[in-house]
Amino acid sequence: MLVCLIAIDKPDALQIRMDNREAHLAYVSETGVVDLAGPFLDADGNMCGSLLILNVGNMSEAETWAENDPYTKAGLFQSTTLREWKKVIG
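Since the structure is predicted, the reported quantities are computational estimates derived from the model, not experimental observations.

Conventions adopted
Per chain, residue numbering runs from 1 following the sequence as it is written. Selection of residues for local features in this predicted model requires a pLDDT of at least 70, selection of side-chain atom pairs for listing and counting requires 80 or more, and totals for whole chains, interfaces and linings are taken over all residues. With hydrogens and water excluded, all non-hydrogen atoms of the structure serve as input to the side-chain values. Two strands are counted as paired when DSSP detects at least two bridges linking them. Numbering of helices and strands runs from the N terminus, with a helix taken as a DSSP run of H or I at least four residues long and a strand as a DSSP run of E at least two residues long. Basic side-chain nitrogens of Lys or Arg form a salt bridge, by our definition, when they fall within 4 Å of a carboxyl oxygen of Asp or Glu. Only protein chains enter the accessibility calculation, which uses a 1.4 Å probe; a residue is then buried when its area is under 20% of its type maximum, exposed when over 50%, and partly exposed in between. Arc, as used here, means the arc of the directions from the helix axis to the C-beta atoms. Throughout, a residue-residue contact means that at least one pair of heavy atoms, one from each residue, lies within 4.5 Å. We define a polar contact as two N or O atoms separated by no more than 3.5 Å, with the added condition that, inside protein, one atom must be a possible hydrogen donor and the other a possible acceptor, whereas residues neighbouring each other in sequence contribute only through side-chain atom pairs. Any two rings among Phe, Tyr and Trp, with Trp reduced to its six-membered ring, count as a pair given centres within 6.5 Å; such a pair is stacked if its planes are under 30 degrees apart, edge-to-face if over 60, and tilted if neither. A helix's residues, less one, multiplied by 1.5 Å, set its expected span. Two axes enter the definition of the bend at a residue: one is fitted to the seven residues ending there, the other to the seven starting there, and the bend is the angle between them. The convention used is that axes are lines fitted to C-alpha atoms, helices contributing only their stretch in contact, and that angles between N-to-C directions extend from 0 to 180 degrees. Every angle not falling under 35 degrees, over 145, or within 65 to 115 is termed oblique; those three ranges are roughly parallel, roughly antiparallel and roughly perpendicular. The crossing is said to be left-handed when, going from far helix to near helix, the turn is anticlockwise and less than a right angle, and right-handed when the turn is clockwise.

Enquirer: Would you mind going over the pairing of strand β2 (residues 34-41) in detail, with residue names and values included?
Expert: Bridge count for β2 against strand β3 (residues 47-55) is seven bridges, and the pairing is antiparallel. Across the sheet, residue Phe 40 finds its bridge partner in β3, namely Gly 49.

Shown next, in the form of structure tokens:
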């Protein structure tokens, strides 16, 4: 199943993101469940959140993946949302 993970950074948390970016990218690579991913950008072009499409067996796997993301463990996010998603185009 495909699950969309939408995460919004806490205000003024760019340094937390930068400090944990390498570990986050390694986690994405090692786990092999991310089909598509990238950051949201603010008006100044700075990263301020994340959008990921996870390819997992069930919602519980998506929740576990999100909980173990180094960004989550570092306290980067103000909010996270997981929603089942259906690819139609692309």
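Enquirer: How would you explain the pattern of salt bridges if you had to name every residue and give the values?
Expert: Summed over all chains, the structure comprises one salt bridge. When the shortest N-O distance is used, the salt bridge between Asp 9 and Arg 17 registers 2.8 Å. The pair formed by Asp 9 and Arg 17 is uniform in burial state, with each residue classed as buried.

Enquirer: Got a sec to walk through helix α2 (residues 59-68)? Specific residues and values, please.
Expert: Along α2, the residues that are buried comprise Ala 62, Trp 65 and Ala 66. The buried side chains of α2 occupy one side of the element, clustering within an arc of 95° when seen end-on. Buried residues along α2 sit in contact with β1 (2-9), α1 (14-31), β2, β3, α3 (70-73) and β4 (77-85). Put simply, Asn 58 is the residue that caps the front of α2, since its side-chain oxygen is 3.1 Å from the backbone nitrogen of Ser 60.

Enquirer: Quick one: what's the story with the packing of aromatic side chains, residue by residue and with numbers?
Expert: Evaluation of the coordinates by the stated rule reveals two aromatic pairs. Ring geometry for Tyr 27 against Trp 65: centres 4.8 Å apart, planes inclined by 35°, an arrangement best described as tilted. With a gap of 38 residues between them, Tyr 27 in helix α1 and Trp 65 in helix α2 connect regions that are remote in the sequence. An identical accessibility class is assigned to Tyr 27 and Trp 65; each is buried. Aromatic side chains Tyr 71 and Phe 77 sit 6.0 Å apart centroid to centroid with 90° between the ring planes, which places their arrangement in the edge-to-face category. The residues Tyr 71 and Phe 77 share a single accessibility class, namely buried.

Enquirer: Hey, could you go over the side chain of His 24 for me, with residue numbers and the actual values?
Expert: Within the secondary structure, His 24 sits in helix α1. For His 24, the residues in contact, after removing those within four places along its chain, are Leu 52, Asp 69, Pro 70 and Tyr 71.

Enquirer: Describe α1, and please don't skip the residues or the numbers.
Expert: Between its first and last C-alpha, α1 extends 24 Å over 18 residues, near the 26 Å set by a 1.5 Å rise per residue. Where α1 bends most, the angle comes to about 55°, and this point is Arg 21. Every buried residue belonging to α1 is among Arg 17, His 24, Tyr 27 and Val 28, and all of these are buried. Following α1 by one or two positions, Gly 32 adopts a phi angle in the positive range, close to 70°.

Enquirer: Residue-level account of the packing of α1 against α2, with values.
Expert: In contact at an axis separation of 11 Å, α1 and α2 are set at 150° when each is read in the N-to-C sense. By the angle between their axes, α1 is roughly antiparallel relative to α2. At the point where α1 passes α2, the crossing takes the right-handed sense. Only Thr 64, Trp 65 and Asn 68 of α2 make contact with α1, whose side of the interface consists of Tyr 27, Val 28 and Thr 31.

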